[in-house]
Protein chains: 6
Amino acid sequence: ERDKYENNNVAGVVTGLAWTRVGGDILFIESILSKGKGTLTITGNLGTVMKESATIAMEYIKSNAVDLGLDPDIFEKYNVHIHVPEGATPKDGPSAGVTMLTSLVSLFTQRKVKKSLAMTGEITLRGKVLPVGGIKEKILAAKRARIKEILLCEENRRDIEEIKPDYVKGLTFHYVTDMSDVIKLALTNQKVVNAKEL
Amino acid sequence: ERDKYENNNVAGVVTGLAWTRVGGDILFIESILSKGKGTLTITGNLGTVMKESATIAMEYIKSNAVDLGLDPDIFEKYNVHIHVPEGATPKDGPSAGVTMLTSLVSLFTQRKVKKSLAMTGEITLRGKVLPVGGIKEKILAAKRARIKEILLCEENRRDIEEIKPDYVKGLTFHYVTDMSDVIKLALTNQKVVNAKEL
Amino acid sequence: ERDKYENNNVAGVVTGLAWTRVGGDILFIESILSKGKGTLTITGNLGTVMKESATIAMEYIKSNAVDLGLDPDIFEKYNVHIHVPEGATPKDGPSAGVTMLTSLVSLFTQRKVKKSLAMTGEITLRGKVLPVGGIKEKILAAKRARIKEILLCEENRRDIEEIKPDYVKGLTFHYVTDMSDVIKLALTNQKVVNAKEL
Amino acid sequence: ERDKYENNNVAGVVTGLAWTRVGGDILFIESILSKGKGTLTITGNLGTVMKESATIAMEYIKSNAVDLGLDPDIFEKYNVHIHVPEGATPKDGPSAGVTMLTSLVSLFTQRKVKKSLAMTGEITLRGKVLPVGGIKEKILAAKRARIKEILLCEENRRDIEEIKPDYVKGLTFHYVTDMSDVIKLALTNQKVVNAKEL
Amino acid sequence: ERDKYENNNVAGVVTGLAWTRVGGDILFIESILSKGKGTLTITGNLGTVMKESATIAMEYIKSNAVDLGLDPDIFEKYNVHIHVPEGATPKDGPSAGVTMLTSLVSLFTQRKVKKSLAMTGEITLRGKVLPVGGIKEKILAAKRARIKEILLCEENRRDIEEIKPDYVKGLTFHYVTDMSDVIKLALTNQKVVNAKEL
Amino acid sequence: ERDKYENNNVAGVVTGLAWTRVGGDILFIESILSKGKGTLTITGNLGTVMKESATIAMEYIKSNAVDLGLDPDIFEKYNVHIHVPEGATPKDGPSAGVTMLTSLVSLFTQRKVKKSLAMTGEITLRGKVLPVGGIKEKILAAKRARIKEILLCEENRRDIEEIKPDYVKGLTFHYVTDMSDVIKLALTNQKVVNAKEL
Ligand SMILES: [Ca+2]
Ligand SMILES: [Ca+2]
Ligand SMILES: [Ca+2]
Ligand SMILES: [Ca+2]
Ligand SMILES: [Ca+2]
Ligand SMILES: [Ca+2]
Ligand SMILES: [Ca+2]
Ligand SMILES: [Ca+2]
Ligand SMILES: [Ca+2]
Ligand SMILES: [Ca+2]
Ligand SMILES: [Ca+2]
Ligand SMILES: [Ca+2]
């Protein structure tokens, strides 16, 4: 059975769109902090490329800490763990990059993620968002999962335009080119309830 | 020959339900502490996904230490070893997550696990319990093993309802959605005999 | 050619029973200490599960140091090396667990192992001994090797009872359920000659 | 769809020429710095030889720091991450060497890369640039991508001379033999906007 | 072409007997020291079991340092490198154990190895020497290589007795059971020329 | 296309002879230093045995530092990187040993390598040079590459004598038995231009 959108109550939990063996699906990127020395742990039965996305997101945030309003010293004081349920399903590919980025920025700022939003897109170190495949299947899965807004790379716009309008009714699309757009669009300025003091 | 339920005398020992090559079975998750610097050792002929469950449980506890009534500094003072007998049987999958979580919380709090209880369910970093497969076979194995109460994900309720009532007679089911429910249901407020001072 | 029982002169050397490609055989678990920082080295052409047994034995001892009459600080001052001759034979499986446990406790206490004793059984972190396979072949090998007493899991008792009485004449069997029984039965209260001061 | 040349706004981003499963293409080498202790992280679904190119570039720069106008102590104060989008495409081979070298020197000096330039060539520790294969396909890809100038090894000159003149119209070629030539030709003396203070 | 015995001028160089793809041969175990922190490096295209022999030899010496007349603190002050030429030939098995033991004791004591001696035998942590295979082929190779004396496990005596007497004419055999015998027989009390001060 | 001899201007760059998939060829061993703590990095698409040669050369130099006129403390102050272009060609085998030795001694002493010299030979820890294969092909490649002098193991002399005299006209051969001969023959007493102060 497919997953449903849950809520935006928890910092670090973001809804992504995936293309798996069974077609399109949503997936959750989860990240948490614990006191530590800056290690990054990645779980969820992930392939090499998807693990690399987590590393890219983390290093991008470290390198652009000041622009993101983060104290650069924070990264040495906490360990980060990124997990992608469900462990029984192998997952790979670069398309969870924007989701991982959003998850980590939400985690370190404790800002709430926008409600009913899902996203898919590759990230880069230079701050660009790249287009990804399987868009049609991902959109249909998003609708089934009660997603209302979808964040995509600008270069995936034509993939959406090729989908029969009926299928995308009720969905709002946000097209981005830069990772800074992702953060502006995906994160609210509100902190989560019981936000951690970092 | 299949295992039988033993007892709840030892902190960190919890009964799980597994689906192996030979059908359903119970298994024990065991964990112990020794003075150290916070390393986590995992043994028991486990596959990658099952090892990841142990990491997820450990990191979730570290990240939610205060809510669980634990001193966050404790984790740097002890090494943890999680083992799943029996070494000759390869084991994998995410379904021992709730069992590992319960094992580690019991270990760090030295609280007694509820008597005659077994459990199965995947865990996440955001605190949700996810449904798992092989429910029917696991339930039959639990009964053979003299288990009285079973903890499951709410989304596995219909799997139970599809089982012929005679087969589940004498079993009490607890359906959970959150990892905090698991801890409340599975652990008593009583310490084990000869509880360690941590 | 098969091995013969040797003696109990050296701390840390214990006779186990193995089931190899060529049938039953005895094997020696050897362990030594050297000044160090607590590393554990395992050699002897061992598979993953057998290496895990060594880790389980070591961690169990660390966690139960006080009950075993050991100073918990000792483990950081020495490196331990466990070896299982003969290097040309690949070995695996959990059945050397009790032998490794006995070897390490003998090593850290410098107590003499009981004379003419061999053993086989899986160990756990909760202190239980589990039954193992190949009992008949192991017993015949023990007899050929001039073993007089054999330590086994209680659940292996019926495997012995199924063996033709003539074959087990002259052998004394000790059935155990707990790892503490193993240590009581297998180790004498006498120190080895030239016992090391730890 | 093939990539297009972007711009030279960001330090550490350099355009390379690659020969992939689908023919010639441009690729971007991206590198960033974050406070750290000198680790080098490499991502982008790269094979062993391409990862080695990154190591060679980094070590060459460390060894020739003074000649490059860099403080040799800087390398212990930052972690470097080199990434090559696009994660879904496996990449390998030594031909991105000059691109990686340029990327890292740009990163550490915060100098702007020359506009509309792409490059391909193997690097060595002794400072020589070596010729690479697939030149014709790479040049056609560069043109499609709106590249204006191309940096190549002198020994690849004849590969260019064998291409029909019409195909290379509008392209300027720079042939180099030494890595110091690469740096002189590829980097401007202008800092990027918002250059970091290292 | 087969190797010939060389000399006993260099500490840490000992002649072993090997059984390779091309039949029996002699081989040299070489070890050297350099200032360091106690790491052990092993080279020579060796398989796992042969590398384990080097570890066993090293750990045995550390554990029995006092009995061997060595200062136990010495091991933390030097790095040891053991090499077995010839790199093009893969080598494996436990039979070089006695040779590695002799090499390392010679290295740490700077004592000369006995002249014209070769050896073969497995070592253990409890100090026993175990028999090995391929004896006939090894002996013929030793003779061709102008070896005069051969050190073997006592349990290999019958392998020698089965060889036609003519073939072993001129060879002296030393049969040992214990690793202490190896050291007594294989090392002279004379230091090598230009012995290092450790 | 095959490589040509270059020059002896740079410390640490030495010309070796290799036998590859495409026949004989010359190759360059390059090594550089950077401030560090003594790590050794090896690149160039090398197999295990060729990497071992680099380790052997490095450890031999460390162990014989004083005899080579080097301060033994120098090795902890620098990181060494050895590279063998060309990354696209897999390389393996022990025959680059003498070349790596010469490269590292040149690097640490900043002495110039002899002009127009190439070499091939396996090295050992006891200081012997061993013969290698593919001599005829290597010599023809050396000639094509405008090499004038060749350093070989004494035991490879007969391989040269079997080559038609015309083919070796104009080449001078140096036969060595010891690694100290290699260093004496291959390195001049002149420092390279712009020699580093170590
Ligand atoms: Ca799903
Ligand atoms: Ca996604
Ligand atoms: Ca079972
Ligand atoms: Ca379970
Ligand atoms: Ca045996
Ligand atoms: Ca055993
Ligand atoms: Ca592309
Ligand atoms: Ca390139
Ligand atoms: Ca040989
Ligand atoms: Ca040998
Ligand atoms: Ca070449
Ligand atoms: Ca060579």
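Residues numbered from 1 in each chain as written. Chains lettered and ligands numbered in written order. Predicted model: local features only at pLDDT ≥ 70, side-chain atom pairs only at ≥ 80, totals over all residues. Heavy atoms only, no water.

> I would appreciate a short explanation of the interface of chain A and chain B in the present structure.
A common way to express how large an interface is: the accessible area buried when the components associate. Each side of the interface is counted separately: chain A has 23 residues, and chain B has 18 residues. Between chain A and chain B, the buried area comes to about 1,700 Å², and carbon and sulfur atoms account for 56% of it. It is Glu-30, Ile-32 and His-81 of chain A in chain A that bury the most area against chain B; as a group they hold 26% of the surface buried on that side. Linking chain A with chain B are three salt bridges. Here Lys-35 of chain A and Asp-73 of chain B are joined by a salt bridge, their closest N and O atoms 4.0 Å apart. Our enumeration of links across chain A and chain B arrives at nine residue pairs in polar contact (both at pLDDT 80 or more). Elements represented by at least two residues in the side of chain A that touches chain B include exactly strand 2 (23-35), strand 3 (40-43) and strand 4 (78-83) of chain A. Along the lines of polarity and charge, the residues of the side of chain A that touches chain B split into eight nonpolar, nine polar and six charged. (Contact = heavy atoms within 4.5 Å. Buried area = accessible area lost by both parts, 1.4 Å probe. Salt bridge = Lys/Arg side-chain N within 4 Å of Asp/Glu carboxyl O. Polar contact = N/O pair within 3.5 Å; in protein donor to acceptor, adjacent residues only side chain to side chain. Helix = DSSP H or I, 4+ residues; strand = E, 2+ residues; numbered from the N terminus. Nonpolar A, V, L, I, M, F, W, Y, C, P; charged D, E, K, R; others polar.)

> Sorry if this is basic, but what is going on with the interface of chain A and chain D here?
Between chain A and chain D, the contact holds 18 residues from the first and 23 residues from the second. Of all residues in chain A, the largest losses of buried area upon contact with chain D belong to Ser-63, Leu-125 and Arg-126 of chain A, amounting jointly to 39% of the total for that side. Put simply, chain A and chain D have two salt bridges between them. Arg-126 of chain A is the salt-bridge partner of Glu-6 of chain D, the closest N and O atoms lying 3.0 Å from each other. Here chain A and chain D share nine residue pairs in polar contact (both at pLDDT 80 or more) between them. Sorting the residues of the side of chain A that touches chain D by element identifies helix 1 (48-63) and strand 7 (122-123) of chain A as the ones contributing at least two each. When residues in the side of chain A that touches chain D are grouped by element, the largest group, eight residues, is from helix 1 of chain A. In terms of residue class, the side of chain A that touches chain D is built from seven nonpolar, three polar and eight charged.

> Which parts of the structure should I look at to understand a positive patch on the surface?
All names here are of chain A. Residues Arg-2, Lys-4, Lys-143, Arg-144, Arg-146, Lys-148 and Lys-169 make up a contiguous surface patch of positive charge. Mapped onto the secondary structure, Lys-143 falls in helix 3 (residues 135-144). Residue Lys-143 is classed as partly exposed on the basis of its relative accessible area of 34%. (Patch = residues over 30% accessible without salt bridge, like charges linked within 9 Å, V, L, I, M, F, W, Y side chains within 5 Å. Areas by Shrake-Rupley, 256 points an atom, 1.4 Å probe, with all protein chains shown as cover. Lys, Arg positive; Asp, Glu negative; His and termini not counted. Charge placed at Lys NZ, Arg CZ, Asp CG, Glu CD. Buried < 20%, exposed > 50% of the residue type's maximum accessible area, 1.4 Å probe, protein only.)

> Just checking my understanding: could you explain the sheet that holds strand 6 (residues 117-119) of chain A for this structure?
Spatially, seven strands are ordered 3-4-2-1-6-9-10 (chain A) in an open sheet, and the strand pairing comes out mixed. Across the chains shown, the open sheet's two edge strands, defined by having one partner strand only, are strand 3 and strand 10 (172-176) of chain A. Taking each pair of neighbouring strands and ignoring which way they run, the sheet shows an average axis angle of 30 degrees. One ladder, built from four bridges, connects strand 3 of chain A with strand 4 of chain A; its direction is parallel. Its bridge partner lying in strand 4 of chain A, Thr-43 of chain A is registered against His-83 of chain A. The strands touched by helix 2 (residues 97-109) of chain A within the sheet are strand 1 (14-20), strand 2, strand 4 and strand 6 of chain A, with strand 2 of chain A carrying the most contacts at an inclination of about 30 degrees. Docked against the sheet, helix 1 (residues 48-63) of chain B engages strand 2, strand 3 and strand 4 of chain A, running at close to 50 degrees with respect to strand 2 of chain A. (Pairing = 2+ DSSP bridges. Axes fitted to C-alpha atoms, helices over the stretch in contact; angles between N-to-C directions.)

> What's the story with the sheet that holds strand 2 (residues 23-35) of chain D in this structure? I'm lost.
Within a sheet, neighbouring strands are paired by backbone hydrogen bonds and run either parallel or antiparallel to one another. All names here are of chain D. Strand order in the open sheet formed by seven strands is 3-4-2-1-6-9-10, with mixed pairing between adjacent strands. Looking at the sheet topology across the chains shown, the edges are occupied by strand 3 (40-43) and strand 10 (172-176). On average, adjacent strands in this sheet sit at an angle of 25 degrees to one another, irrespective of strand direction. Pairing between strand 1 (residues 13-20) and strand 6 (residues 117-119): two bridges, direction parallel. Bridging from a neighbouring strand, Thr-15 pairs with Ala-118 of strand 6.

> Would you explain the relation of the copies chain A and chain B in this entry?
Two copies of the chain are present, and they differ by a rotation about an axis and a shift along that axis. For the pair chain A and chain B, the best superposition has an RMSD of 0.0 Å and corresponds to a rotation of 60 degrees with a translation of 0.0 Å parallel to the axis. Such a turn and shift between the copies fits a six-fold axis. (Least-squares fit on C-alpha atoms with pLDDT ≥ 70 in both.)

> Would you explain the coordination of the calcium ion (ligand 5) in this entry?
Six octahedral donors at a metal ideally form angles of 90 or 180 degrees, and four tetrahedral donors ideally form angles of 109.5 degrees. Residue and element names in this part refer to chain C. Every protein donor of the calcium ion (ligand 5) is accounted for by Asp-3 (OD), Asp-25 (OD) and Glu-86 (OE), and the metal-donor separations fall at 2.5 to 2.6 Å. Mapped onto the sequence, the donors of the calcium ion (ligand 5) take the spacing D-x21-D-x60-E. Of this pair, Asp-3 sits in the segment before strand 1 (13-20) while Asp-25 is found in strand 2 (residues 23-35), placing the two residues 22 residues apart along the sequence. (Donors = N, O, S within 2.8 Å, 3.2 Å for Na, K, Ca; no water.)

> Looking at this model, I keep getting lost on the coordination of the calcium ion (ligand 2). Mind explaining?
Residue and element names in this part refer to chain A. Here the calcium ion (ligand 2) is held by Leu-17 (O) and Ser-95 (O), and the distances to it run 2.9 to 3.2 Å. Of the two residues, Leu-17 sits in strand 1 while Ser-95 sits in the loop between strand 4 and helix 2, which places them 78 residues apart along the sequence. The two residues Leu-17 and Ser-95 agree in class, both being buried.

> Explain the pairing of strand 1 of chain D here, please?
The side chains of a regular strand alternate, first on one face of the sheet and then on the other. Residue and element names in this part refer to chain D. In terms of burial, strand 1 is largely enclosed, as six of its eight residues are buried. Judged from the eight bridges that link them, strand 1 and strand 2 form a sheet pairing that is antiparallel. In the strand pairing of strand 2, Leu-17 is matched with Ile-26. Joining the antiparallel neighbours strand 1 and strand 2 is a turn of two residues.

> Just checking my understanding: could you explain the side chain of Asn-79 of chain F for this structure?
Relative to the elements of secondary structure, Asn-79 of chain F occurs in strand 4 (residues 78-83). Setting aside its immediate chain neighbours within four residues, Asn-79 of chain F contacts Ile-32, Leu-33, Ser-34, Lys-35, Gly-36, Lys-37, Gly-38 and Thr-39 of chain F.

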